[in-house]
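Residue-level structure breakdown
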Amino acid sequence: MLKGKFIVLGVTGSIAAYKACELTRLLKKRGASVQVVMTESACKFVAPLTFQILSENPVIKDMFKEPSHWEVEHVSLADKADFFVIAPCTANILAKLASGIADDMLTTTFLATKAKKVIVPAMNVNMYENPVTQRNIEILKNYGCHIMEPEEGFLACGKIGKGRFPDPEEIVEYIEKIAQMQEDLKGTKILITAGPTREYIDPIRFISNRSSGKMGYKLAEAALERGAEVALISGPVSLEPPPDLQIFHRVETAVEMKKKVDELFPWADVVIKAAAVSDYRPKYRSEHKIKKSEEEVFIELVKNPDILKELGEKKGDKILVGFAAETDIPESNAREKLLKKNLDMIVLNDVTKQGAGFEVDTNIVKILYRDGRIEEFPLLSKKEVAHLILDRIKALLKC
Ligand code: CTP
């Protein structure tokens, strides 16, 4: 998997830096070219010569050193890299990366690269658990970095807890999994809907819901990372679509969403309906702002089309995935929807649980299948949930 890949390995000033020597050796053994970049403090822990010998490449540490041939070195390195791995990564470097600071060779190259980024933090347990570090990790995850969780155990500082640098063999396996993931949905066309719809009462007011669109956007991002072709149809949200997206449409109302979904349905192999579609719309949409009066106002609502149910009726061999955000008897409601809408699977989240549902970056989901199976998952980031949904879709595509 890593044969012929160009890996930039960033080493920062942690006692675990010596374990990066073994990591370099293992990556070389897998057939990768390794270019080590060290921070100034990393050089205090391990001599660059060790990495130079193991990687069979001169170590880069100085941004202003005369290059041996004329190329802007940090840019050419950034362009060449297939993977940019920082292992071990200190709390200080994590903070710099999360805020876009580029004040040495490592951080500058990191900012300039479009390679897959893997970060392996290693530090004292209190530093790791500090909310600032956790926030930085979340920021980097949201920018698409893969962050490998440190292990629990005895730390060099004498404490016991989370923060230990993982076994280098496990780090290599983690990178291999990411390398494999890049291609595993290649050739699959995935149509995703995200966000709420707006059902206008007049030009100013509308009926909508609390959906932020985050889950659908993370699904689009994750599917692109895995090589799928992605069409995203989005209700009004404040998110930017992923840069490499092939097809993107913004819509407002359920009727507009249905029109775009129906247009793209023949193209898609998989449809994931993460959008929170309004079930009703006002029967009349006033052309002018409705003025206040002394009387009570009643808004008559008519039913919107059930987009997913209609897709279920003409499903063929496409994979259909629905979402169900529930507050009462969640499982039986979700199962009913799965069967009524003729879906392959439905992702259920009980929005009354803390960390699940609207606006937040995390979710707690269960996945229900046609054969009665239910899988339950712990609190995960929406990106992690996106990947596990795609894993299940991949398995269904193979059947
Ligand atoms: N859905 C849809 N069109 C609608 C309503 C829902 O395509 N008019 C889709 C959603 O995108 C979601 C699934 O159906 O994937 C379930 O949506 P949900 O709102 O939970 O279910 P409803 O069928 O609307 O039932 P209820 O609101 O009564 O729970």
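Residues numbered from 1 in each chain as written. Predicted model: local features only at pLDDT ≥ 70, side-chain atom pairs only at ≥ 80, totals over all residues. Heavy atoms only, no water.

1. A look at the site of the ligand
- For the ligand, the set of nearby residues contains 13 residues, the closest of which are Lys-273, Ala-275, Asp-279, Lys-337 and Lys-341.
- For the ligand, an oxygen atom lies 2.9 Å from a polar atom in the backbone of Leu-308.
- In this structure, an oxygen atom belonging to the ligand sits 2.7 Å away from a side-chain N or O atom of Lys-337.
- Protein contact buries 78% of the 570 Å² of open area that the ligand shows by itself.
- Of all the elements in the fold, those that place two or more residues in the shell around the ligand are helix 12 (307–313) and strand 16 (319–326).
- Take the shell around the ligand: its biggest share by element is 3 residues, from strand 16. (Near = heavy atom within 4 Å. Polar contact = N/O pair within 3.5 Å; in protein donor to acceptor, adjacent residues only side chain to side chain. Areas by Shrake-Rupley, 256 points an atom, 1.4 Å probe, with all protein chains shown as cover. Helix = DSSP H or I, 4+ residues; strand = E, 2+ residues; numbered from the N terminus.)

2. Describing the pairing of strand 17 (residues 345–350)
- Judged by how many residues are buried, strand 17 sits mostly within the fold: 6 of 6 residues are covered.
- The alternating pattern of strand 17 places Met-345, Val-347 and Asn-349 and Ile-346, Leu-348 and Asp-350 on opposite faces, both of which are buried.
- Taken together, strand 16, helix 13 (residues 330–340) and strand 17 form a β-α-β motif whose crossover is right-handed.
- Bridging between strand 17 and strand 19 (residues 365–369) involves 5 bridges; their strand directions are antiparallel. What sits directly across from Met-345, in strand 19, is Tyr-369. (Buried < 20%, exposed > 50% of the residue type's maximum accessible area, 1.4 Å probe, protein only. Right-handed = clockwise from strand over helix to strand, strands pointing away. Pairing = 2+ DSSP bridges.)

3. Some points on the domain arrangement of the protein
- When cut into domains, the protein gives domain 1 (6–181) and domain 2 (189–398).
- If you look at where domain 1 meets domain 2, you find 0 salt bridges.
- Linking domain 1 to domain 2 there are 0 residue pairs in polar contact (both at pLDDT 80 or more).
- For the side of domain 1 that touches domain 2, the leading source of residues is helix 8 (residues 131–142), giving 3 residues.
- Of the residues that constitute the side of domain 1 that touches domain 2, the class distribution is 1 nonpolar, 3 polar and 3 charged. (Domains from an automatic or database assignment. Salt bridge = Lys/Arg side-chain N within 4 Å of Asp/Glu carboxyl O. Nonpolar A, V, L, I, M, F, W, Y, C, P; charged D, E, K, R; others polar.)

4. As for the packing of aromatic side chains
- What the rule picks out here adds up to 2 aromatic pairs.
- Ring centres of Phe-84 and Phe-110 lie 5.5 Å apart, and the angle between their planes is 85°; this geometry places the pair in the edge-to-face category. Separated by 26 residues along the polypeptide, Phe-84 in strand 3 (residues 83–89) and Phe-110 in helix 6 (residues 105–112) bring together distant segments of the chain.
- For the ring pair Tyr-200 and Phe-206, a centre distance of 5.5 Å and an interplane angle of 70° mean the geometry is edge-to-face.
- Judged by its relative accessible area of 12%, Tyr-200 falls in the buried class.
- When the ring centre of Phe-110 is taken as origin, the NZ or CZ atom of Lys-117, which lies over that ring, is 5.5 Å away.
- One residue, Lys-318, lies across the ring of Phe-265, its end atom 5.1 Å from the ring centre. (Phe/Tyr/Trp six-rings, centres within 6.5 Å; stacked < 30°, edge-to-face > 60°. Lys NZ or Arg CZ within 6 Å of the ring centre and 35° of its normal.)

5. Focus on the pattern of salt bridges
- Tallied over the entire structure, the rule returns 28 salt bridges.
- A salt bridge links Glu-375 to Arg-392; the shortest N-O distance between them is 3.0 Å. In this pair, Glu-375 sits in strand 20 (residues 374–376) while Arg-392 sits in helix 14 (residues 382–398), placing the two residues 17 residues apart along the sequence.
- Residues joined in a network through salt bridges with shared partners are Asp-184, Arg-226, Asp-391 and Lys-394.

6. Observations concerning the pairing of strand 3
- Of all 7 residues in strand 3, 7 are buried, a share of seventy percent or more.
- When strand 1 (residues 6–11) meets strand 3, the two strands line up parallel, connected through 4 bridges. In the strand pairing of strand 3, Gly-10 is matched with Ile-86.
- Relative to strand 4 (residues 116–121), strand 3 is paired through 5 bridges, and the arrangement is parallel. In the strand pairing of strand 4, Cys-89 is matched with Pro-121.

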